[in-house]
There are 2 protein chains.
Amino acid sequence: MQKINYQIFILVLLLAVSGRAMAQNYYPNGKQWVEKAEALKPKLTETIVKPTTLVELVKNEDAFQGWEAKNIAPIDSLYNKSIRQIKEVVVDLGDHYTGYFTFNLKTIWGAADSPVRFRFTFSEVPAELATPFDPFPGAISRAWLQDEQMTIMNVPSTNTLTRRVSCRYIKIELLGASPYFDFGISDIQFKALTSAVKQPEALAASTSPIVKKIDEIGLKTLKECMQTVYEDGPKRDRRLWVGDMYLESLANVYSYENHNLTKRCLYILAGLSDDEGYVLGTIFEEPEPHPQAGQRLMDYSLLYNVSLKNYLLATDDKATAEELWPVAKRQLDIIKNYVGDDGLVDYERANKEWWLFFDWKDGLNKNAAIQGLMIFALSETFDLAEALGKTDEIAEVPALIKKMKKAALANLYNTKTGMFACGDDQQISYASQIWMILGGVLNEKQSQKVLTAVMNTPEALSPGGPYMYHYLIQALINSNMQAKAKELLVNYWGGMVEKGADTFWEVYDPNNDFLSPYNFFPINSYCHAWSCTPVYFIRKYPEIFQQ
Amino acid sequence: MQKINYQIFILVLLLAVSGRAMAQNYYPNGKQWVEKAEALKPKLTETIVKPTTLVELVKNEDAFQGWEAKNIAPIDSLYNKSIRQIKEVVVDLGDHYTGYFTFNLKTIWGAADSPVRFRFTFSEVPAELATPFDPFPGAISRAWLQDEQMTIMNVPSTNTLTRRVSCRYIKIELLGASPYFDFGISDIQFKALTSAVKQPEALAASTSPIVKKIDEIGLKTLKECMQTVYEDGPKRDRRLWVGDMYLESLANVYSYENHNLTKRCLYILAGLSDDEGYVLGTIFEEPEPHPQAGQRLMDYSLLYNVSLKNYLLATDDKATAEELWPVAKRQLDIIKNYVGDDGLVDYERANKEWWLFFDWKDGLNKNAAIQGLMIFALSETFDLAEALGKTDEIAEVPALIKKMKKAALANLYNTKTGMFACGDDQQISYASQIWMILGGVLNEKQSQKVLTAVMNTPEALSPGGPYMYHYLIQALINSNMQAKAKELLVNYWGGMVEKGADTFWEVYDPNNDFLSPYNFFPINSYCHAWSCTPVYFIRKYPEIFQQ
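It should be emphasised that the depicted structure is a prediction, and the values quoted were computed from it without experimental measurement. (Residues numbered from 1 in each chain as written. Chains lettered and ligands numbered in written order. Predicted model: local features only at pLDDT ≥ 70, side-chain atom pairs only at ≥ 80, totals over all residues. Heavy atoms only, no water.)

### Focus: the confidence of the model for chain A
Residue and element names in this part refer to chain A. In plain terms, the rule: One confidence number per residue, pLDDT, is output by the predictor and ranges from 0 to 100. Contacts are assigned to residue pairs with any non-hydrogen atoms lying within 4.5 Å of each other.
Of all residues in chain A, 96% attain a pLDDT of 70 or more, and the chain-wide mean is 95. Confidence drops under a pLDDT of 50 for residues 1-23, and excluding neighbours within four residues, the segment shows 1 contact in the predicted structure. Scored as a complex, the prediction yields pTM 0.93 and ipTM 0.92.

Right, dumping it as structure tokens:
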């Protein structure tokens, strides 16, 4: 009787395990890949930052978003006083940091006969602190905003906020205290975390001050986003997205060289790919690694392949590239599923069945862009196959590239305007030109013509933010338009520098400080991975940027 | 060289230690007493409470403070739904508990792509939840109010609020969530804590239902306040006060019999007495045991002696009583310092140099009350000395008692009104009569006359709350007015029962639900130690209360 039960138990267990494996993993090694990724989880470097300055928020219409943080006193003027008298104060860490906030409360007179209550608000930029959060008009979770109430039962005490925050400024508001004792705040410490350890090389002495500054802020941005994965932004969304990882890993190759972080991200994305083997747009690390189920993000899935190729180039780690090769190969099926015999992507179906991101840009028609990106991904994946001696496994790719390029030119290129256009209204956008050039559809001369044309077309849909700007700079460089590439990079990222950026922003429109994809600018991320790529450009192309 | 340094080190250490000991401890064993108290710290009993009901707050002018919590649905109607749809809900634990709040968040669809934000408000009574806390008009710390915001980074997750709370009702408000996933709350658990373990004996079958109910609620009140010390109230102030301990330990003797808790409190108060050896009004356990320095509360210091005597009577633990005898003896010096050769307390000086509490009652003249309480403390301390065979150490006390009684009658008794009166306006108060009777200034017949007279004097200052009511009941019993004692106890505490009390309140005026010593009734404690004493009366005097 017992024996039979035991056998049934084993049978049920086997069925459960195999069922689970089948449901979760398209790849037989999926589970091990996640374990491999976990074993690569970096121990973060901790730096204790002590603020030195108090600031005051001052309205200033010339300042970014209309607010300036004005230095008003040294930190000791907080530490030497009663917080019951001060009530509200803004502390400046002096730069952007990601980590944990700790402070002491000390008694001035009396014994604490009650708890005390504070609100702490952490902000990356001044206007974020000066703008009331409620009533909250935003389109995403209010909980992203970094205001936290703390009830502290004992004074004196050392207190640490359990939430990791990302900030330069800390507003302290006393919300409750007893009249029967007095107390002060002291020894504010911010434990800053990063997995970027190595000191990147100095730029050439000949580099212009603005390029140096852009590089410095780009490095800082990247460093802040490098945590236990490549995060998109340490304030929000605090997680690994393929598109951000692609750009961060590019910049990492030329700066911090933490290749194990890239390796971890490649493994975790592979291990958490969906039940058809497609790499999902984003994954979460907590409470245990898991994907955003169902979030098929076509451009991101294809950029996984490019990231893997770049990882191999940077490290020569063939073992990893070979192990993950089936994932890259599988992503190509996305292209095969949506490209017809005519060499054209079925944009309508792709756009319905997947999320095509490309840019935060309302109304953008992504037909040409996805056609171009597919060709780019095919080329890069073929390069990867060549490096691994596996071209025979995707022997059809060169012909497919050729067909898709031809179809693109025949169907998406408007000979009259000399630019790519798509949709019924023949929409002209930077995105379309950029991705066709990155896909290698045009030769150098044609590329230059197309880029020049779009830059001379005011009604063309311009890049919505830094992410698309990256691809624009790359397209200019690929088209041998170095001067223009440098000019745009300096103008765009330099614009953020001039507006006082400590780190580069998720959203930047030189003409609209308040632009937000979430209907509330304070919830934008002001330290965002995809904006760090000047680091890559400046360091990969010293002949363009360090002269 | 090394040897010399070592000697200097030891010297400095000895100086530091002795300096510290001299500064802190009047009693040579003060430090060891605190250590003894710490060794007696009870391990709390934990009970997991799971709520079964949701309630709605309904205005009802017949209900206590105008609000009623109306049962509307079983808890499953919360657990089975999306909290994004519900947004706000009030959970009923079914009774008052003290401890820690835990809940699960579970995903309904999607993967959590953002943190979520809640406000939890914990209340002991319904109106506390229905009254906005801000702008806060109260005279003590806003932080006592039990509303806490929580940002929760992950769903699914199990979350525990780090703050210990005291409540029956829990309002849950969702303040932030993402539109891209849905989630629910489930498995709310409340870990209830107490150091009251023993099941008290059942009352006699003959006991009336209302007395049974009063006893039950009194027991609950005491149990909630018995934590690692006798707290005054588990919501507020959550700490040991001598006056509350005195009443709690009386009730404990007749119910939970956790005499070690009394012992711990006696030791900790002795060890943390001030640099002149006077027991301070209150001490704090965290972050390490420390007194409210300088808080000399004359009636409380003297009641320390009475508590020690009662502890000895209940336990026969002579070793403890002997060890703490010097403390009791020293408290008598308070009396000697303020009583003149005429046998009268120098009320003006005493009232200036100490806090005389007695009651929350505006305008109360405490001259007669402190004279009476001093005589009471002298008598009780002499009883203690007798039990320890130490009367020779305070041989002067009987004569002092006699002199003080005589002086009281000659100077504070108004023969015209037949009541004690004090101050220029010959103020008549219950407090004056009560404490003269407890001091044994009057014989039985006189006591009855005085109490009857004051109860027939509408302008007499009546007891401000349950603390003074305790002494009134005791004075009635001491005066052999059993029927009146029972009537008042049933009327007063029964009044709270009728108004729906789960535990007895810090403040109770039958005619004013909104009375608050802190200018804001929601901050009152609705489970307060000093209101638990019906337990003591009902069980100590079964012939009065259990018939």
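### Quick look at the pairing of strand S6 (residues 147-152) of chain B
Residues and elements named next belong to chain B. Note the threshold: Remark: exposure states derive from per-residue accessible area (1.4 Å probe, protein chains only) relative to the maximum for the residue type, with buried under 20%, exposed over 50%, and partly exposed in between. Secondary structure follows DSSP: runs of H or I at least 4 residues long count as helices, runs of E at least 2 residues long count as strands, and numbering of each begins at the N terminus. At least two bridges found by DSSP between two strands are what make those strands a pair.
The buried fraction of S6 amounts to 6 of the 6 residues, a majority that puts the element mostly inside the structure. Side-chain alternation along S6 places Asp147, Gln149 and Thr151 on one buried face and Glu148, Met150 and Ile152 on a second face that is also buried. The pairing of strand S5 (residues 116-123) with S6 spans 6 bridges and is antiparallel. For Arg119, the partnering residue across the bridge sits in S6 and is Gln149.

### A few points about the packing of helix H8 (residues 259-271) of chain A against helix H9 (residues 298-315) of chain A
Residue and element names in this part refer to chain A. We apply this condition: Only the stretch in contact is used when a helix axis is fitted, and all axes are lines through C-alpha atoms; the angle between N-to-C directions ranges over 0 to 180 degrees. If you view the pair so one helix is near and one far, a crossing is left-handed when the near helix is turned anticlockwise from the far one by less than a right angle, and right-handed when it is turned clockwise. In this count, Pro and Cys sit with the nonpolar residues alongside Ala, Val, Leu, Ile, Met, Phe, Trp and Tyr, while Asp, Glu, Lys and Arg are called charged and the others, Gly among them, polar.
Running from amino to carboxyl end, H8 crosses H9 at an angle of 145°, the nearest separation of the two axes being 11 Å. Here H8 runs over H9; the crossing is left-handed. Mapping the contact onto sequence places His259, Thr262, Lys263, Leu266, Leu269 and Ala270 in H8 and Tyr304, Ser307, Leu308, Tyr311, Ala314 and Thr315 in H9. The class makeup of the residues in the contact of H8 with H9 is 7 nonpolar, 4 polar and 1 charged.

### A word on the pairing of strand S5 (residues 116-123) of chain A
Residues and elements named next belong to chain A. With 7 of 8 residues buried, S5 lies mostly within the body of the structure. Note: S5 against strand S8 (residues 165-176), 7 bridges, orientation antiparallel. The partner of Arg117 across the bridge, within S8, is Gly176.

### Description of the nonpolar core
Note the following rule: As used here, the term nonpolar core means buried Ala, Val, Leu, Ile, Met, Phe, Trp, Tyr and Cys residues forming a set that is joined through side-chain atoms within 4.5 Å. In this document the domain limits rely on a domain assignment from an automatic tool or a database.
Counting 140 residues, the largest nonpolar core has A:Met298, A:Leu303, A:Met374, A:Trp435, A:Tyr471 and A:Phe545 as the members making the most contacts within it. Take this core: its biggest share by element is 13 residues, from helix H12 (residues 367-388) of chain A. Split by domain, this core shows at least three residues from each of two domains, domain 1 (45-194) and domain 2 (215-260 + 298-532) of chain A. In contact with A:Trp435, not counting residues within four places along its chain, are A:Leu303, A:Phe358, A:Ala369, A:Gly372, A:Leu373, A:Phe376, A:Met468 and A:Tyr471. Of all hydrophobic cores here, the second largest spans 138 residues; its members include B:Tyr27, B:Leu272, B:Tyr311 and B:Val397.

### What about the pattern of salt bridges?
Note the following rule: A carboxyl oxygen of Asp or Glu within 4 Å of a side-chain nitrogen of Lys or Arg is what we treat as a salt bridge.
Taken as a whole and judged by the stated rule, the model has 72 salt bridges over all chains. The residue A:Glu231 makes a salt bridge to A:Arg164 at a minimum N-O spacing of 2.9 Å. Of the two residues, A:Glu231 sits in the loop between helix H6 (209-225) and strand S10 (240-241) while A:Arg164 sits in the loop between strand S7 (157-160) and S8, which places them 67 residues apart along the sequence. Classification of A:Arg164 by relative accessible area gives buried; the value is 8%. Taken together, the salt bridges that share partners define one network made up of A:Arg117, B:Asp134, B:Arg142 and B:Asp147.

### Notes on the domain arrangement of chain A
All names here are of chain A. Our working rule: The term buried area denotes the loss of accessible surface (1.4 Å probe radius) that occurs when two parts are joined, taken as the sum for both partners. Counted as a polar contact is a pair of N or O atoms within 3.5 Å, where, for protein atoms, one must be capable of donating a hydrogen and the other of accepting one, and residues adjacent in sequence contribute only when both atoms are in side chains.
Looking at the assigned domains, one finds that chain A contains domain 1 (45-194) and domain 2 (215-260 + 298-532). If you average the C-alpha positions of domain 1 and of domain 2, the two centres end up 38 Å apart. On the side of domain 2, 28 residues touch domain 1, which itself brings 28 residues to the contact. For domain 1, the biggest contributors to the area lost against domain 2 are Phe64, Trp144 and Arg164; these three give 27% of the whole. Run the count over domain 1 and domain 2 and you get 4 salt bridges. The interface formed by domain 1 and domain 2 contains 17 residue pairs in polar contact (both at pLDDT 80 or more). Elements represented by at least two residues in the side of domain 1 that touches domain 2 include exactly strand S4 (88-109), helix H5 (126-130), S8 and strand S9 (182-194). For the side of domain 1 that touches domain 2, the element with the most residues is S4, which contributes 4 residues. Partitioned by chemical class, the residues of the side of domain 1 that touches domain 2 number 14 nonpolar, 9 polar and 5 charged.

### With respect to the relation of the copies chain A and chain B
Cut-off, in case you're wondering: We place the copies in one frame by least squares, fitting the C-alpha atoms of every residue whose pLDDT is at least 70 in both.
Expressed as a screw operation, the relation of chain A to chain B combines 0.0 Å of axial shift with a rotation of 180°, fitting to an RMSD of 0.0 Å. On this basis, the relationship between the two copies can be described by a two-fold rotation axis. Of every C-alpha in chain A, the one belonging to A:Gln149 sits nearest the axis of rotation, 3.1 Å from it.

### Description of the UniProt feature "domain: Alpha-L-rhamnosidase six-hairpin glycosidase" (unreviewed entry) in chain A
Quick note on the threshold: UniProt positions are given in the numbering used here, feature names are shortened, and annotations may be inferred rather than shown by experiment.
The sites that carry the UniProt feature "domain: Alpha-L-rhamnosidase six-hairpin glycosidase" (unreviewed entry) are, in the present numbering, residues 207-539 of chain A. Note that residues 207-539 of chain A is 55% helix and 3% strand, and that its end C-alpha atoms are spaced 11 Å apart.

### Some remarks on the side chain of B:Arg164
A polar contact is formed between the side chain of B:Arg164 and the side chain of B:Glu231, at a distance of 2.9 Å. For B:Arg164, the residues in contact, after removing those within four places along its chain, are B:Thr98, B:Gly99, B:Tyr100, B:Gln227, B:Glu231, B:Pro234 and B:Arg238.

### Some points on the sheet that holds strand S12 (residues 290-291) of chain A
All names here are of chain A. Spatial ordering of the open sheet is given by S10-S11-S12, a layout of 3 strands whose pairing is antiparallel. Two strands in the sheet have a free side with no partner beyond their single neighbour: S10 and S12. When strand S11 (residues 282-284) meets S12, the two strands line up antiparallel, connected through 2 bridges. Of the residues in S12, the one forming a bridge with Phe284 is His290.

### Concerning the interface of chain A and chain B
Contact with chain A, which involves 36 residues of that partner, is made by 36 residues of chain B. Each partner contributes to the roughly 2,700 Å² buried at the junction of chain A and chain B, and carbon and sulfur atoms together form 55% of this total. Inspection of the chain A/chain B interface yields 2 salt bridges. We note a salt bridge from A:Arg117 to B:Asp147, for which the minimum N-O separation is 3.0 Å. Scanning the region where chain A abuts chain B turns up 11 residue pairs in polar contact (both at pLDDT 80 or more). When contributions to the side of chain A that touches chain B are tallied by element, the ones reaching two or more residues are S5, strand S6 (147-152) and S8 of chain A. Sorting elements by how many residues they give to the side of chain A that touches chain B places S6(A) first, with 4 residues.

### Observations concerning the packing of aromatic side chains
Residues and elements named next belong to chain A. The test is simple: Pairing of aromatic rings covers Phe, Tyr and Trp, the last counted by its six-membered ring, and requires centre-to-centre distances within 6.5 Å; plane angles under 30 degrees mean stacked, over 60 mean edge-to-face, and any other angle means tilted.
Counted by the stated rule, this structure contains 86 aromatic pairs over all chains. Ring geometry for Phe64 against Tyr526: centres 6.2 Å apart, planes inclined by 75°, an arrangement best described as edge-to-face. Of the two residues, Phe64 is situated in the loop between strand S2 (53-59) and strand S3 (67-74) and Tyr526 in the loop between helix H17 (482-498) and helix H18 (534-540); the sequence distance between them amounts to 462 residues. With respect to class, Phe64 is no different from Tyr526; both count as buried.

### A few points about helix H6 (residues 209-225) of chain B
All names here are of chain B. Rule in force here: Take the number of residues in a helix, subtract one, and multiply by 1.5 Å to get its expected span.
Spanning 17 residues, H6 covers 24 Å between terminal C-alpha atoms, matching the ideal 24 Å at 1.5 Å per step. For H6, the complete set of buried residues consists of Val211, Ile214, Asp215, Ile217, Gly218, Leu219, Lys220, Thr221, Leu222, Glu224 and Cys225. On its buried face, H6 sits against strand S4 (88-109), helix H7 (242-253), helix H17 (482-498), helix H18 (534-540) and helix H19 (542-545).

### Observations concerning the side chain of B:Glu148
Within the secondary structure layout, B:Glu148 lies in strand S6. Since its relative accessible area comes to 7%, B:Glu148 is described here as buried. In this structure the side chain of B:Glu148 is engaged in a polar contact, spanning 2.5 Å, whose partner is the side chain of A:Thr151. Non-local contacts of B:Glu148, meaning those with residues more than four positions away in its chain, are made with A:Arg117, A:Thr151, B:Phe118, B:Arg119, B:Phe120, B:Leu161 and B:Arg163.

### Some points on the environment of A:Lys212
Residue and element names in this part refer to chain A. Within the secondary structure, Lys212 is located in helix H6. When its relative accessible area of 37% is taken as the criterion, Lys212 is described as partly exposed. Along the primary structure Lys212 and Ala202 are separated by 10 residues, whereas in three dimensions their C-alpha atoms are 9.2 Å apart. Residues contacting Lys212, with those up to four places away along its chain left out, are Leu203, Ala204, Ala205 and Thr207.

### Topic: the state of the cysteines
All names here are of chain A. Under the convention used in this document: We call a pair of cysteine sulfur atoms a disulfide whenever their separation is within 2.5 Å.
Enumeration according to the criterion identifies 0 disulfides over all chains in this entry. Distance from the sulfur of Cys532, which forms no disulfide, to the nearest cysteine sulfur (Cys225) is 7.0 Å. On the basis of relative accessibility, which here comes to 0%, the residue Cys532 falls in the buried class.

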